[in-house]
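The primary structure of each chain is shown beneath.
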Amino acid sequence: MWERHPLVLVGCIMLTGLALRLVQIDREALWADETLTLLIANWPAQSLLFDPVEASPAVYYLLTKWLIPADAGVAAARLISVTAGTASIAVIYGLGRIAFSPKAGLWAAELMALNPFMVDYSQEGRPYAVLVLMVLLSALGLVRWIGEAHRSRRSVSALALFATATVL
């Protein structure tokens, strides 16, 4: 049955991954780096884009600035990472499916959902889970574009995905 409907299984894997990422997300107070992230997100958008802040790209700070209210609680401050970590499960499925096979994609999704480091990164108000998501999206775009080498006309969307995710 799962061979005919792998997306149902991917959905179940994603729900499992989401549950693991949400369990006790607010068990610990924000630590120093997470608090620094919230402070940096208050800077003007132009400064986030063009002034050196730290080694992390501006996309996480901009998302935090636009999506997380200033008076948000601990759990809310970590929701961008939860979302990125959960989305990574679907993206790695697509990457594994295209690069190898649907079965390999399912294994990769399971490993991403259950990996303790990825669960931990997805529970921190830091850019780590977003960085993983951007790398996976970049790889997915590149693999799709390379896979279309035999076509007379390659997909612009695959190359755009690669370029956009790489820049972000």
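Residues numbered from 1 in each chain as written. Predicted model: local features only at pLDDT ≥ 70, side-chain atom pairs only at ≥ 80, totals over all residues. Heavy atoms only, no water.

Q: Mind showing me how you'd approach the overall build of the chain here?
A: Along the backbone of the chain there are 10 helices and zero strands. With the principal axes as the frame, the chain shows a C-alpha extent of 50 × 35 × 20 Å. Each of the 168 residues in the chain was classed as buried or not, and the buried ones make up 38%. Across the chain, the fraction of contacts at a sequence separation of at least 24, relative to all contacts at a separation of at least 6, is 65%. Working note: accessible area of the chain is about 9,700 Å², and carbon and sulfur atoms make up 68% of it. (Helix = DSSP H or I, 4+ residues; strand = E, 2+ residues; numbered from the N terminus. Buried < 20%, exposed > 50% of the residue type's maximum accessible area, 1.4 Å probe, protein only. Contact = heavy atoms within 4.5 Å. Areas by Shrake-Rupley, 256 points an atom, 1.4 Å probe, with all protein chains shown as cover.)

Q: Is there a simple way to think about the layout of surface pockets in this case?
A: Sizing a probe to match a water molecule and rolling it over the atoms shows the empty space that remains. There is about 170 Å³ of room inside the largest pocket. Residue lining of the largest pocket: Leu 38, Ala 41, Asn 42, Thr 64, Lys 65, Ile 68, Pro 69, Ala 70, Ala 72, Gly 73 and Ala 77, and that is the complete set. Of the residues assigned to the lining of the largest pocket, the class counts are seven nonpolar, three polar and one charged. (1 Å grid on protein atoms, 1.4 Å probe; cavity = no way out; pocket = protein on both sides within 12 Å on 5 of 7 lines; lining within 4 Å. Points joined across faces, edges and corners; volume = space filled by probe spheres on them. Nonpolar A, V, L, I, M, F, W, Y, C, P; charged D, E, K, R; others polar.)

Q: So what exactly am I meant to see when it comes to unusual backbone geometry here?
A: A negative phi holds for most residues other than glycine; trans holds for most peptide bonds. Although it is not a glycine, Gln 24 sits at a positive phi angle of roughly 50 degrees. Following the sequence through the fold, Gln 24 ends up in the loop between helix 1 (6-22) and helix 2 (32-40).

Q: Just to check I follow, could you spell out the environment of Ala 113 for this structure?
A: Its place among the elements puts Ala 113 in helix 7 (residues 102-114). For the pair Ala 113 and Gly 85, spaced 28 residues apart in sequence, the C-alpha to C-alpha distance is 8.3 Å. Ala 113 has contacts with Ile 13, Gly 17, Leu 20, Arg 21, Ile 89 and Val 119, leaving out every residue within four places of it along the chain.

Q: So what exactly am I meant to see when it comes to the packing of helix 6 (residues 79-99) against helix 7 here?
A: With their axes 7 Å apart at the nearest point, helix 6 and helix 7 run at an angle of 155 degrees to one another. Here helix 6 is positioned roughly antiparallel relative to helix 7, judged by the angle of their axes. Helix 7 is crossed by helix 6, and the crossing has right-handed handedness. Between helix 6 and helix 7, the contacting residues are Ser 88, Ile 89, Ile 92, Tyr 93, Gly 96 and Arg 97 on the first element and Pro 102, Ala 104, Gly 105, Leu 106, Ala 108, Ala 109, Met 112 and Ala 113 on the second. Of the residues contributing to the contact of helix 6 with helix 7, the split by class is 10 nonpolar, three polar and one charged. (Axes fitted to C-alpha atoms, helices over the stretch in contact; angles between N-to-C directions. Parallel < 35°, antiparallel > 145°, perpendicular 65-115°, else oblique. Left-handed = near helix turned anticlockwise from the far one by under 90°.)

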